[in-house]
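Structural characterization, general
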Amino acid sequence: MLLYLALVLLPVFPAMGQPSPEGGLTLRTTTRLVDLTVVVRDRSGAPVRGLTAGDFTVLDEGKPQEIRVFEAGQAPATEATGASIAARMKIPGPWPPSVFANFDPGAGVPPHAAVILLDGLSTSITDQRFARLQILKFLSRLQPGDRVGLYTLGRELRVLHDFTADTGSLIEELGRYQGEIQTRPETASDLARLLDDRKLNDAGPGVFESMLDQIANEQQLQLAHLEDRVRRTVGSLEAIAQRLSPVPGRKSLLWISAAFPAVVSTDIRTGTGSPSGFGELTDRAARALANSGVAVYPIDARGVMVPPEYRATVNYQQANMARLLSRTRGRGGQRQNAQTVSNADPMIHNNRDETTAHHDVMAELAGRTGGRAYFYENDMGKAMREALDDAAASYTIAWAPSPYEDNGRYRKIRVRLKRPGLTVLHREGYFAGEAKPEWNRKERESILELLASPLETAAVPLAVQARVSGAGEARRIELMVRVDPAAVTLREAQGRWSGRLDVVMVYLDARGGSKGGAEEAVALSLSAGEREQALGTGFDYRQSLPLPGGAQTLAIAVRDAPSGRVGTVRMELGRLGLRDGQEE
């Protein structure tokens with residue numbers, strides 16, 4: 001159902017008087033600036049400082065652009081950012097317990113941000129321990145001015161510590177973290193045991209047929225677990241992108257992981273195996289990260305590894321896999337080069353080495369977002385230091401694309417330097433956003449995954465006031481949501497300003513399971529006067545929801561449809577005087 005946002009101020013968010021004196025606040029329109037952070041290095045890999053706008057040429061879809069904004073070095077600190085948002089939205093303090101927001105009015109935003117994500121979902125516990133020691137060593141050597149956040153990924157995304165320059169508190173939090181036990185790695189031990197069975201040397205054709213069936217059945221279980229793991233990883237990367245979106249300057253995500261393969265085979269019994277890829281999910285993550293200006297620095301948590309061709313155990317398993325495949329060619333097709341199969345894991349498509357298949361994903365995310373990937377490195381501290389140095393030595397460039405069409409297509413960016421011998425890192429492009437008249441299934445799934453994460457995102461700043469009405473089974477929660485006007489994209493046509501906000505609300509129980517909710521696509525159609533009023537007050541949205549039994553949290557997301565930016569707020573119902581969503 002399409003609704004119009006109410007522009008009427010309610011007493012729950014009283015006005016603070018005159019508009020904020022910040023000046024220059026406008027809602028985004030079809031005339032847009034594209035901002036890009038770039039890192040320049042010389043032949044030795046050292047960051048290059050002292051460049052000017054005249055040293056750069058920006059090509060947008062192959063056409064040179066006029067540089068409108070140029071800043072060298074890290075962005076200035078904006079310590080009053082949280083207070084500025086609250087003032088802009090006319091929300092006075094102190095806030096009562098019934099007000100929930102995804103920004104802190106008393107907190108500032110760092111000049112640049114680096115998040116270390118220790119991925120336990122895709123990394124063995126042994127490699128997690130090695131990576132943890134490497135991170136602790138790196139944290140003990142942080143330099144003045146470094147601000148680092150520490151996140152972990154297991155069954156869910158967790159914030160061990162948000163951005164800080166306090167080395168001691170970071171080390172203390174990581175010291176308590178013991179890692180995540182993988183419930184099922186993609187190369188399961190069952191497969192290894194099957195392929196390592198020495199009895200295969202003397203087995204007859206019937207045994208090979210049975211073994212192949214066991215491997216294929218085990219493979220299907222692995223594929224289901226792998227897909228779940230990839231979806232959780234992508235959802236977490238999107239949540240981090242949305243959380244970092246408001247931070248100025250270069251934002252770096254140090255993803256310490258063993259990652260996942262880009263393409264897998266779904267059934268080895270069909271010859272080469274039917275390929276199934278995670279390209280769509282990887283593209284989703286890359287798009288969210290690039291649009292938020294987050295550069296990804298994947299660091300292989302496995303450090304220096306023995307190449308697969310020199311691993312005795314793997315070689316024996318490869319020989320058995322080749323033997324199985326060569327003796328079962330009549331089962332739906334023939335796998336190419338069966339006698340010389342290079343990888344014993346049937347999950348990896350086209351006989352590719354498992355490590356290389358994982359590195360493909362890491363390299364793609366790094367390349368598309370302007371970061372760098374690090375493989376076969378035992379000194380993870382060196383890679384992490386380089387990522388932080390990139391942020392401190394970056395340049396910010398902005399331009400108004402010409403020509404520009406707001407058609408939702410991907411536009412490629414290329415930056416050239418006039419000085420020889422220099423290389424530049426930057427994201428590869430951006431999407432020219434286009435509001436869609438109806439819900440898109442992928443967009444809806446993405447929002448639901450963000451709501452399932454305990455990590456609040458602030459790409460769209462929100463403040464929510466809630467109260468309980470009614471009694472017993474008729475009890476309801478009355479909501480007033482205020483959206484920061486600076487986060488809303490409006491387009492002018494024939495004297496009216498239009499846009500769209502997607503609002504999703506989901507109740508969660510103690511285990512994170514859904515207990516129902518509501519969703520709406522809210523159409524904006526404002527006169528010039530209504531637009532000016534919104535600039536001074538923010539956008540208000542009201543909703544009344546029945547309160548289901550067993551609900552402990554209400555998660556709310558607001559998405560600015562043209563830009564794809566999302567803000568989320570999690571309301572603990574206990575703060576409203578409720579227990580288990582029912583009792584006062």
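Residues numbered from 1 in each chain as written. Predicted model: local features only at pLDDT ≥ 70, side-chain atom pairs only at ≥ 80, totals over all residues. Heavy atoms only, no water.

**Observations regarding the overall build of the chain**
For the record, the criterion: Counting from the N terminus, the helices are DSSP H or I runs at least four residues long and the strands are E runs at least two residues long. The rule is simple: take the accessible area with a 1.4 Å probe, protein chains only, and divide by the maximum for that residue type; under 20% is buried, over 50% is exposed, in between is partly exposed. For this analysis, residues touch if any pair of their heavy atoms sits within 4.5 Å. Residue exposure ignores everything except the shown protein chains as possible cover, and the areas themselves are Shrake-Rupley values with a 1.4 Å probe.
From N to C terminus, the chain includes 11 helices and 25 strands. Counting over 584 residues, the chain shows a buried share of 51%. Taking contacts inside the chain between residues at least 6 apart in sequence as the whole, the part at least 24 apart equals 77%. Just so you have it, the chain exposes about 25100 Å², and 50% of that area is on carbon and sulfur atoms.

**So, the nonpolar core**
What counts is decided by this rule: Within this scheme, the nonpolar core is defined by two criteria: the residues are buried Ala, Val, Leu, Ile, Met, Phe, Trp, Tyr or Cys, and they are joined through side-chain atoms within 4.5 Å.
If you look at the biggest cluster of nonpolar residues, it comprises 43 residues, and the most contacted ones within it are Leu117, Leu157, Ile240, Leu253 and Trp255. If you tally residues by element for this core, the top one is helix H5 (residues 205–244), at 9 residues. Residues in contact with Leu157, not counting those within four places in the same chain, are Leu117, Tyr151, Thr152, Ser236, Ala239, Ile240, Ser453, Pro454 and Leu455. With 33 residues, the next largest nonpolar core counts Ala487, Val488, Phe539 and Leu573 among its residues.

**Some remarks on the sheet that holds strand E13 (residues 294–300)**
Sheets are built from strands paired through backbone hydrogen bonds, the pairs being either parallel or antiparallel. Here is the rule: Pairing between strands is defined by DSSP: at least two bridges between them are needed. Axis lines are fitted to C-alpha atoms, over the contacting stretch for helices. Their N-to-C directions set the angle, which ranges from 0 to 180 degrees.
Taking strand neighbours across the sheet as the criterion, the 5 strands line up as E9-E8-E7-E10-E13 in an open arrangement whose pairing is mixed. Because the sheet does not close on itself, it has two edges, and the strands there are strand E9 (157–164) and E13. Taken over all neighbouring pairs, the strand axes of this sheet differ in orientation by 15° on average, direction set aside.

**A look at the side chain of Arg41**
Tracing the sequence through the fold places Arg41 in strand E2 (residues 34–41). The exposure class of Arg41 is buried, given its relative accessible area of 7%. Here Arg41 is in contact with Ala46, Pro47, Val48, Arg372, Glu386, Asp389, Asp390, Gly421, Leu422 and Thr423, once residues within four sequence places are set aside.

**Points about unusual backbone geometry**
Cis geometry is adopted by the peptide bond preceding Pro403, which originates at Ser402 and carries an omega value of -5°. Tracing the chain through its elements places Pro403 in the loop between strand E14 (394–399) and strand E15 (410–417).

**Some words on the packing of aromatic side chains**
Worth spelling out the cut-off: Only the six-membered ring of Trp is used, alongside the rings of Phe and Tyr, when aromatic pairs are assigned; centres must lie within 6.5 Å, and planes under 30 degrees apart are stacked while those over 60 apart are edge-to-face, with the rest tilted.
All told, the structure shown has 5 aromatic pairs when counted by the stated rule. Here Phe70 and Tyr395 contribute two aromatic rings whose centre-to-centre distance is 5.8 Å and whose plane-to-plane angle is 25°, an arrangement assigned as stacked. One end of the pair, Phe70, is in strand E5 (residues 67–72); the other, Tyr395, is in strand E14, with 325 residues separating them in the sequence. An aromatic cluster is present here, built from Phe56, Phe70 and Tyr395 joined pairwise through their rings.

**Here we look at the confidence of the model for the chain**
Put simply, the rule reads: Confidence scores here are pLDDT values: one per residue, from the predictor, ranging 0 to 100.
Mean pLDDT over the chain works out to 77, with 72% of the residues at or above the 70 mark. Mean pLDDT values for the elements of the chain range from 32 in strand E1 (residues 2–3) up to 95 in strand E3 (residues 56–60). Confidence over residues 76–80 falls short of pLDDT 50; this stretch has 9 contacts with residues more than four positions distant or in other chains. Considering only residues more than four positions removed or in separate chains, one finds that residues 328–346, a stretch of pLDDT under 50, has 55 contacts.

**Some details on the packing of helix H2 (residues 125–139) against helix H3 (residues 167–176)**
Filter applied, for reference: An angle counts as roughly parallel when it lies under 35 degrees, as roughly antiparallel when it exceeds 145, as roughly perpendicular when it falls between 65 and 115, and as oblique in every other case. For any pair of crossing helices, the crossing counts as left-handed if the nearer helix is rotated counterclockwise from the farther one by less than a right angle, and right-handed if it is rotated clockwise. Ten residues, namely Ala, Val, Leu, Ile, Met, Phe, Trp, Tyr, Cys and Pro, are considered nonpolar, four, namely Asp, Glu, Lys and Arg, are considered charged, and the remaining ones, Gly among them, are considered polar.
Here H2 crosses H3 at 170°, and the two axes come no closer than 10 Å. Relative to H3, H2 is oriented roughly antiparallel. Helix-helix and strand crossings are classified by hand; for H2 and H3 the assignment is left-handed. Residues Arg132, Ile135, Leu136 and Leu139 of H2 touch H3, and the partners they reach there are Thr167, Leu170, Ile171, Leu174 and Gly175. A per-class count over the contact of H2 with H3 returns 6 nonpolar, 2 polar and 1 charged.

**What to know about the sheet that holds strand E17 (residues 429–431)**
Judged by pairing direction, the sheet is antiparallel, and its 4 strands sit side by side in the order E4-E3-E15-E17 without closing on themselves. The open sheet has two edge strands with one neighbour each: strand E4 (63–64) and E17.

**Regarding the pattern of salt bridges**
The condition that has to hold: A pairing counts as a salt bridge when a side-chain nitrogen of Lys or Arg comes within 4 Å of a carboxyl oxygen of Asp or Glu.
The tally for this structure, following the rule as stated, stands at 26 salt bridges. Across the pair Lys382 and Glu386 runs a salt bridge, and its minimum N-O distance is 3.0 Å. Here Lys382 pairs with Glu386, and both are found in helix H9 (residues 380–392), just 4 residues apart, close to one helical turn. Among the ionic contacts, a cluster of salt bridges with common partners joins Arg41, Arg372, Lys382, Glu386 and Asp390.

**Some thoughts on helix H11 (residues 528–537)**
Along H11, the residues classified as buried are Arg531, Ala534, Leu535, Gly536 and Thr537. Gly538 sits one or two residues past H11 and shows a positive phi near 95°.

**Examining the packing of H2 against H9**
Viewed as axis vectors pointing N to C, H2 and H9 meet at an angle of 50°, and their least axial separation amounts to 9 Å. The orientation of H2 relative to H9 falls into the category oblique. Every pair of crossing elements has a handedness; the one defined by H2 and H9 is right-handed. Here H2 contributes Phe130, Ala131, Gln134, Ile135 and Phe138 to the contact with H9, which in turn contributes Met380, Gly381, Met384, Arg385 and Leu388. Here the contact of H2 with H9 is built from residues that sort into 7 nonpolar, 2 polar and 1 charged.

**A word on the pairing of strand E10 (residues 251–257)**
With 7 of 7 residues buried, E10 lies mostly within the body of the structure. Residue alternation in E10 divides its side chains into two sets, Lys251, Leu253, Trp255 and Ser257 and Ser252, Leu254 and Ile256, and both sets are buried. With 6 bridges joining them, strand E7 (residues 113–119) and E10 adopt parallel strand pairing. Directly across from Leu117, in E10, lies its bridge partner Trp255.

**Remarks on the environment of Asp484**
Quick reminder of the rule: Throughout this description, a polar contact denotes any pair of N or O atoms lying within 3.5 Å of each other; where both atoms belong to protein, one of them has to be capable of donating a hydrogen while the other can accept it, and for residues adjacent in sequence the pair is counted only when both atoms sit in side chains.
Structurally, Asp484 is set in the loop between strand E19 (476–483) and strand E20 (491–493). C-alpha of Asp484 to C-alpha of Asp540: the two residues are 56 residues apart in sequence and 9.3 Å apart in space. Beyond its immediate sequence surroundings of up to four residues, Asp484 is in contact with Ile85, Arg88, Met89 and Pro461. Among the polar contacts made by the side chain of Asp484, one reaches the side chain of Arg88 at a distance of 2.7 Å.

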